[in-house]
Amino acid sequence: WDNADFSRGVGTTFYQEFSTLNTAKPPFVRDVEAKVRRYLRSSYSAAWTLKITWEKAPVYGAWTDSRKTVTYQAVLTTDGFRSYILMLYQDGGMQWDYTKLTSTNVLIGYT
């Protein structure tokens with residue numbers, strides 16, 4: 001989540017935590033569980049989930065162009081033994097012009 005620049009007051013970041021070890025699971029957590037099960041073809045029951053949203057985030061150097069923003073989320077989830085991350089991007093993908101970034105070795109994802 002490098003190169004987002006919130007210094008000009010454009011965009012926001014927020015999060016929501018779901019601790020579901022001994023409570024009823026909200027629809028969002030049930031959806032995350034279903035995605036993990038479908039993509040990994042394994043049983044999964046979340047004990048904890050964190051949704052982080054970067055909304056209308058401008059690229060680093062926002063003073064040059066704060067109109068091209070991107071909204072994306074990271075959803076971290078664990079059953080206490082296995083942990084997963086879902087990375088979700090707005091329809092239309094990344095709106096930043098990577099050719100104008102200070103670094104040219106840009107990746108979307110994680111290792």
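Preceding this paragraph is the structure being described.
Note that the structure is predicted; figures quoted are calculated from it, not measured.

**Quick word on the pattern of salt bridges**
1) Next: On inspection of all chains with the given rule, the structure shows four salt bridges.
2) Next: For aspartate 79, the salt bridge goes to arginine 82, with nearest N and O atoms at 3.0 Å.
3) Next: Looking at arginine 82, the relative accessible area reads 33%, which means it is partly exposed.
4) Next: Within the structure, one salt-bridge network assembled from shared partners comprises Lys25, Glu33 and Arg37.

**What about the environment of asparagine 3?**
1) Next: Relative to the elements of secondary structure, asparagine 3 occurs in the segment before strand E1 (12-19).
2) Next: Taking relative accessible area as the criterion, asparagine 3 reaches 19% and is therefore assigned buried.
3) Next: On a C-alpha basis, the gap between asparagine 3 and alanine 57 in space is 9.4 Å, while along the polypeptide they are 54 residues apart.

**Observations regarding the sheet that holds strand E3 (residues 69-78)**
1) Next: Across the sheet, four strands lie side by side as E1-E2-E3-E4; this open sheet has antiparallel pairing. The open sheet has two edge strands with one neighbour each: E1 and strand E4 (83-89). Neighbouring strand axes in the sheet, compared pairwise and without regard to direction, differ in orientation by 10 degrees on average.
2) Next: With seven bridges connecting them, E3 and E4 associate as antiparallel partners.

**Brief notes about helix H1 (residues 27-40)**
The periodicity of an α-helix, 3.6 residues per turn, causes residues three or four places apart in sequence to face the same way.
1) Next: Here H1 is 14 residues long and its end C-alpha atoms lie 20 Å apart, about the 20 Å a rise of 1.5 Å per residue gives.
2) Next: Among the residues of H1, those classed as buried are Val29, Val32, Glu33, Lys35 and Val36. When H1 is viewed along its axis, its buried side chains cluster within an angular range of 160 degrees and face the same direction. Turned more than 90 degrees away from the buried face of H1, the exposed residues are Pro27 and Arg38.
3) Next: The inward-facing, buried residues of H1 abut E1, strand E2 (48-58), E3 and E4.

**A closer look at unusual backbone geometry**
1) Next: Although it is not a glycine, arginine 41 adopts a positive phi angle of roughly 50 degrees.
2) Next: Secondary-structure assignment places arginine 41 in the loop between H1 and E2.
3) Next: The exposed category is assigned to arginine 41, whose relative accessible area is 75%.
4) Next: Its identity is not glycine, yet lysine 56 carries a phi of approximately 50 degrees, on the positive side.

**Side note on the packing of aromatic side chains**
1) Next: This structure, assessed with the given rule, holds four aromatic pairs.
2) Next: Look at tyrosine 44 and tyrosine 84: their rings are 5.3 Å apart centre to centre, the planes differ by 85 degrees, and that puts the pair in the edge-to-face class. Of this pair, tyrosine 44 sits in the loop between H1 and E2 while tyrosine 84 is found in strand E4, placing the two residues 40 residues apart along the sequence.
3) Next: Here tyrosine 72 and tyrosine 89 contribute two aromatic rings whose centre-to-centre distance is 6.0 Å and whose plane-to-plane angle is 25 degrees, an arrangement assigned as stacked. Note that tyrosine 72 is positioned in strand E3 and tyrosine 89 in strand E4, a separation of 17 residues in sequence.
4) Next: Classification of tyrosine 89 as partly exposed rests on a relative accessible area of 30%.
5) Next: Following the ring pairs from residue to residue traces out a cluster consisting of Trp54, Tyr72 and Tyr89.

Calculation rules
- Throughout this document, residue positions are counted from 1 along each chain, in the order its sequence is written.
- Only residues with pLDDT of at least 70 are given local features in this predicted model, and only at 80 or more are side-chain atom pairs given and counted; all residues enter the totals for whole chains, interfaces and linings.
- Side-chain measures here rest on the full set of heavy atoms in the structure, leaving out hydrogens and waters.
- The rule for a salt bridge is simple: a side-chain nitrogen of Lys or Arg has to be within 4 Å of a carboxyl oxygen of Asp or Glu.
- Exposure classes here rest on a 1.4 Å probe applied to the protein chains alone. A residue is buried below 20% of its type maximum, exposed above 50%, and partly exposed in between.
- Counting from the N terminus, the helices are DSSP H or I runs at least four residues long and the strands are E runs at least two residues long.
- The pairing criterion for strands is at least two bridges between them, as found by DSSP.
- For helices, the axis comes from a line fit to the C-alpha atoms of the stretch in contact; other axes are also lines fit to C-alpha atoms, and the angle between any two N-to-C directions lies between 0 and 180 degrees.
- Expected span of a helix, by definition, is 1.5 Å for each gap between consecutive residues, and there is one gap fewer than residues.
- Working definition: the arc comes from the directions between the helix axis and the C-beta atoms, pointing outward to the latter.
- The contact criterion used is simple: two residues touch if any of their non-hydrogen atoms lie within 4.5 Å.
- Working definition: a ring pair exists when centres of Phe, Tyr or Trp rings (six-membered ring for Trp) sit within 6.5 Å. Plane angles under 30 degrees give stacked, over 60 give edge-to-face, the rest tilted.

These values are about where atoms sit, not about what they do.
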